[in-house]
Amino acid sequence: MPTEVDSELLPQLGLKYPLIVAPMAGGPSTPELVVAASAAGALGSVGAAYSNPAAIVEFADKVRQRTNKPFAINLFTPHPAPTVDAAAVERAIAATAGYRAELDLTPPHFSPPFQEDFDAQFEAVLRIRPAVFSFVFGLLAPEHTKAAREAGILLIGTATSPEEARALEDSGVDAITLQGFEAGGHRGIFEPDAADPEILLRDLLAQCREKVRVPLIAAGGIMTAADVRAAFAVGARAVQMGTAFLATREAGTSAPYRSALNVPKRKTRTTRVFSGRFARGIENRFMTEMTPNMDAVMPFPAQNKFTRDLRGASTAKGSADFLSLWAGTGEGELWQGSTAELIDSLFAE
Ligand SMILES: Cc1cc2nc3c(=O)[nH]c(=O)nc-3n(C[C@H](O)[C@H](O)[C@H](O)COP(=O)(O)O)c2cc1C
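Calculation criteria
- Residues numbered from 1 in each chain as written.
- Predicted model: local features only at pLDDT ≥ 70, side-chain atom pairs only at ≥ 80, totals over all residues.
- Heavy atoms only, no water.
- UniProt positions renumbered as here; feature names shortened; annotations may be inferred.
- Axes fitted to C-alpha atoms, helices over the stretch in contact; angles between N-to-C directions.
- Helix = DSSP H or I, 4+ residues; strand = E, 2+ residues; numbered from the N terminus.
- Parallel < 35°, antiparallel > 145°, perpendicular 65-115°, else oblique.
- Left-handed = near helix turned anticlockwise from the far one by under 90°.
- Contact = heavy atoms within 4.5 Å.
- Nonpolar A, V, L, I, M, F, W, Y, C, P; charged D, E, K, R; others polar.
- Near = heavy atom within 4 Å.
- Polar contact = N/O pair within 3.5 Å; in protein donor to acceptor, adjacent residues only side chain to side chain.
- Areas by Shrake-Rupley, 256 points an atom, 1.4 Å probe, with all protein chains shown as cover.
- Pairing = 2+ DSSP bridges.
- Buried < 20%, exposed > 50% of the residue type's maximum accessible area, 1.4 Å probe, protein only.
- Core = buried A, V, L, I, M, F, W, Y, C linked by side-chain atoms within 4.5 Å.

As named in an unreviewed UniProt entry, the protein is Propionate 3-nitronate monooxygenase, taken from Rhizobium grahamii CCGE 502. Heading Cofactor (unreviewed entry) of the UniProt record for the protein holds this comment: "FMN". UniProt, in the comment section headed Catalytic activity (unreviewed entry), describes the protein in these words: "3 propionate 3-nitronate + 3 O2 + H2O = 3 3-oxopropanoate + 2 nitrate + nitrite + H2O2 + 3 H(+)".

Next up, the structure:
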């Protein structure tokens, strides 16, 4: 039984349950969700990747006003900005012009920077000093690892293959989230343009548990108490769950997104059309219509910035047609009550 595992995830954290409620940047992560998760004895996570330093500090203040329990802050590790030439931007604008007209949007003024400045975000994290800093898309630079250590912040990286897990261990992380192909949201693959190794969670755990010494956290398609037990049975020291929490009261998931989730047999697949990086979500109109047109999709994070107005306008209209409906392969109705009740139910036996 999960609560009886003899070694905790990271004993310093003093968690009641070996569960991380996933960071979910772009709306679902709210201070309320992080507080509810951490107060219930799991580790809540701030999905801060799209937030500027001031917003990260404000978010963390809101969490700290309501709980003194540990929580994590999560960011995307930086990569060199991709080159996006004028022709690529023109193709992207032409391919989406009909959608922008439909949503009453003006043609975008599109220019770099395509994402928040990582160093500035990381400075904010150091000032906040959360118990855990978790990250995805690669390794943390040695100077950042050193600075986090000096601030007493534990580090959790994300791997989608045994090679990535080994590299993370060598870089000095305290634990590794193994993200199976089932997982909702962005795939944590280090190289933005690499093929997806598509390793399912069970296989990934089997491939890593003999080779990696730091604690392994299982992520991808975990929805029920039985799924949690199955992950522990194959070597996980904790689980990280995102999709299962998307419809809880405290999640910031928008109304059209909630409606799309509220279908017992959701059809998900991975796609690059929203952000330029592979991510798993529920199939919708934008995914279906853009997939044959990958020439008109820019690299990450340019595409992510380029589609932001479409997603915003789609939400405002109450339509799920142009939203990135990130969700894992897990089936069944999602829990719509409180986060605390869901957490208790996962470890009730
Ligand atoms: C809506 C959504 C947003 C996500 N955003 C992030 C993020 O900002 N950072 C991150 O490390 N992982 C993110 N993930 C991935 C989760 O960390 C985790 O790997 C995944 O939720 C596990 O699969 P599951 O959704 O089937 O539980 C996100 C997942 C979802 C569903």
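(A) Summary view of the packing of helix 4 (residues 118-128) against helix 5 (residues 142-150). Packing of helix 4 against helix 5 brings their axes to within 10 Å, and their N-to-C directions diverge by 15 degrees. As the angle between them shows, helix 4 and helix 5 are arranged roughly parallel. Crossing angle aside, the handedness with which helix 4 passes helix 5 is right-handed. Of helix 5, the residues touching helix 4 (which contributes F118, D119, F122 and L126) are H144, A147 and A148. Looking at the contact of helix 4 with helix 5 residue by residue, the classes come out as 5 nonpolar, 1 polar and 1 charged.

(B) Spotlight on the site of the ligand. Close to the ligand lie 22 residues, the nearest being P23, N74, G221, Q240 and T243. Here N74 contributes a side-chain N or O atom positioned 2.8 Å from a nitrogen atom of the ligand. Interatomic distance of 2.8 Å between a backbone N/O atom of G221 and an oxygen atom of the ligand. Surface burial for the ligand is 97%, taken as the share of its 590 Å² of free accessible area covered by protein chains. Secondary structure elements with two or more residues in the shell around the ligand: strand 3 (71-76) and strand 9 (238-241).

(C) Up close: the sheet that holds strand 7 (residues 185-186). In space, the 3 strands of this open sheet follow the order 7-11-10, with antiparallel pairing throughout. Edge positions in the sheet fall to strand 7 and strand 10 (268-271), since each has one partner strand and no second. Looking at chain direction, strand 10 and strand 11 (residues 279-282) are connected through 4 bridges and run antiparallel. From the neighbouring strand, T271 faces strand 11, where its bridge partner is A279.

(D) Quick look at the side chain of S161. Its location among the elements puts S161 in the loop between strand 5 (154-159) and helix 6 (162-171). Given the relative accessible area of 8%, S161 is considered buried. The residues contacting S161, other than those within four sequence positions of it, are P197, I199 and L204.

(E) How the structure looks around the nonpolar core. L19, F133, I176 and F245 are the most contacted members of the largest nonpolar core, which has 89 residues in total. Looking at this core, the element that brings in the most residues is helix 4, giving 5 residues. Sequence-distant contacts of F133, defined by excluding residues within four places in its chain, comprise I73, L75, F118, F122, V125, L140, I153, L154, L155 and I156. One finds I20, L43, V132 and A175 within the second-largest nonpolar core, a separate group that totals 13 residues.

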